[in-house]
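The residues making up each chain are set out below.
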Amino acid sequence: WYWQKEKREPYVKFMEANYPPGFSYEDFGPLFTAEFFDPNQWADILKASGAKYVVLTSKHHEGFTLWGSKYSWNWNAVDVGPKRDLVDELATSVRNRTDLHFGLYHSLFEWFNPLFLEDATNVFKTRTFPTSKSLPELYEIVTKYQPEIIWSDGDGNAPDAYWNSTGFLAWLYNDSPVRDTVVTNDRWGAGSICTHGGFYTCSDRYNPGHLLPHKWENCMTIDKRSWGYRRNAQLDDYLTTGELVKQLVETVSCGGNLLMNIGPTHDGRIAVIFEERLRQMGAWLKINGEAIYGTKPWRAQNDTVTPEVWYTFSPEEGKVNAVFLNWPASGTLELGEPQAKLGETQVKLIGYKELLRWVALGERGMAIALPQLTPKQLPCQWGWTLQLTGIN
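Residues numbered from 1 in each chain as written. Predicted model: local features only at pLDDT ≥ 70, side-chain atom pairs only at ≥ 80, totals over all residues. Heavy atoms only, no water.

Threshold: UniProt positions are given in the numbering used here, feature names are shortened, and annotations may be inferred rather than shown by experiment.
An unreviewed UniProt entry lists the chain under the name alpha-L-fucosidase, with Cochlearius cochlearius given as the organism. For the record of the chain, the UniProt heading Subunit (unreviewed entry) holds the text "Homotetramer."

Put into structure tokens, the structure is as follows:
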């Protein structure tokens, strides 16, 4: 898009300097080799991350499908490049080795597809592209791979009627093989984002910082600048694990899910830095998962006295979880939101055995004495969870 459509100078110059004259985007197809793609290894990394679902990009805006689609002749991973059905391989490994829900991202439009461009010229009065390409692909991936999440994207500024989104969704929820389990997002045509959908995405990297009335998802990237793999990325371009934990906690406190994007390499690897981030998130969740999984938003999302404290509620146990991202130098954590009750309220630091001492601060608020721990004794790095029981 930057190279061929917007013709941005750095991209044009890079292609001229590093590829033969007349090299087209299609010439990248055979260079996508995936020789190191090991779906079992991917599944193991995904499981270790503590994630509960995974969404694979089955087709992006350039139309190349990662499965042998009969509607994408000679422009798919079975005919060109890897000569493998990457969707099938990953779906199989995820289902055999993990309990993650398997989902598929699918782009409705394609930047340079002549059928789409012709429909666009006709102000979407004709519907050649969705009827011959986009919709058949959607029916194909649902029937063939039975994904439990359909993550639609790329409306190409065309309305949902052009895409027949309501027709497809009616089939998906009533007659498809995943009708009882499937969930969908909100990108089904111009104007539908953040308005219609099983869960809202609203925009890329969406993190409102306050409670939303509808289930939503923060889809963001570990590489701050890209959804794909960049060979020239610098260390500073990657979010640290501390920053990722902060994103997770903020998102879940406000009723969202976190969809954390990694870009694999052309030869099929999850780069080591992405693997490290995923495994560290998993290590954090192993300790603090009670404050994340199965929780609901509490009446307050973050604290009024101490910044960087975020709340969730565990309805089954009746526990309020307060995740604090900075360990106070004083050793005392002041919380402005909870109403503590003498003789009833108990405070526990997840990963530490003994109950913590606390005092009430007026009608609302409490001061909690944190244990004096060496760095090695801390339950985890990057954020800690207090579980409060018996509070109003």
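Don't stop here, the text continues.
Considerations on the nonpolar core
For the record, the criterion: Nonpolar cores are built from buried Ala, Val, Leu, Ile, Met, Phe, Trp, Tyr and Cys residues. Side-chain atoms within 4.5 Å join them into one set. Categorising residues by exposure relies on relative accessible area from a 1.4 Å probe, with only protein chains included: less than 20% of the type maximum marks a residue as buried, more than 50% marks it as exposed, and the intermediate range marks it as partly exposed. Domain start and stop points were drawn from an automatic or database domain assignment. Contacts were defined at the residue level, with two residues in contact if any of their heavy atoms lie within 4.5 Å.
Counting residues in each nonpolar core, the largest one holds 97 residues, and the members touching the most others are Phe168, Leu172, Trp284, Leu335, Ile368 and Leu386. Looking at this core, you find at least three residues from each of domain 1 (9-291) and domain 2 (296-389). Not counting residues up to four positions away in its chain, the partners in contact with Leu335 are Asp303, Val309, Tyr311, Ala322, Gly365, Met366, Ile368 and Leu388. If you look at the next biggest cluster of nonpolar residues, it comprises eight residues, including Tyr53, Ile149, Phe199 and Leu259.

With respect to the sheet that holds strand β1 (residues 53-59)
Selection rule: The rule for pairing is simple: two strands pair if DSSP sees at least two bridges between them. Strands here are runs of E lasting at least two residues and helices are runs of H or I lasting at least four, both read from the DSSP assignment and numbered beginning at the N terminus. To get an axis, a line is fitted to the C-alpha atoms, and for a helix only the part in contact is used. The angle between two axes follows their N-to-C directions and goes from 0 to 180 degrees.
If you walk across this open sheet you meet the four strands as β1-β2-β3-β4, and the pairing is parallel. This sheet does not close on itself; its edge strands, each paired only once, are β1 and β4 (183-184). On top of the sheet, helix α5 (residues 128-145) reaches β1, β2 (101-107) and β3 (149-153); it is set at about 170° to β2, its chief contact.

Details of the state of the cysteines
Between two cysteines, a covalent bond joining their sulfur atoms is known as a disulfide. Defined as follows: By convention in this document, the label disulfide applies to cysteine sulfur atom pairs within 2.5 Å.
Across all of its chains, the model carries one disulfide by this definition. Residue pairing for Cys194: its cysteine sulfur links by disulfide to Cys202, the two sulfurs lying 2.0 Å apart. Its torsion about the S-S bond being 65°, the disulfide of Cys194 and Cys202 is classed as right-handed. Exposure remark for Cys194: the relative accessible area of 32% places this residue in the partly exposed category. Residue Cys202 is classed as buried on the basis of its relative accessible area of 15%. Cysteine Cys219 is unpaired, with the sulfur of Cys202 as its nearest cysteine sulfur at 9.7 Å. Residue Cys254 stays outside any disulfide, its sulfur separated by 13 Å from that of Cys202, the closest cysteine. We classify Cys254 as buried; its relative accessible area is 0%.

Thoughts on the UniProt feature "site: May be important for catalysis" (unreviewed entry) in the chain
Per the UniProt annotation, the sites labelled "site: May be important for catalysis" (unreviewed entry) are Cys219. Of note, Cys219 is situated in strand β5 (residues 216-221). Here Cys219 falls in the buried class, since its relative accessible area comes to 2%. If we skip the residues at most four places from it in the chain, Cys219 touches Trp151, Arg187, Ser203, Asp204, Arg205, Tyr206, Trp227 and Leu259.

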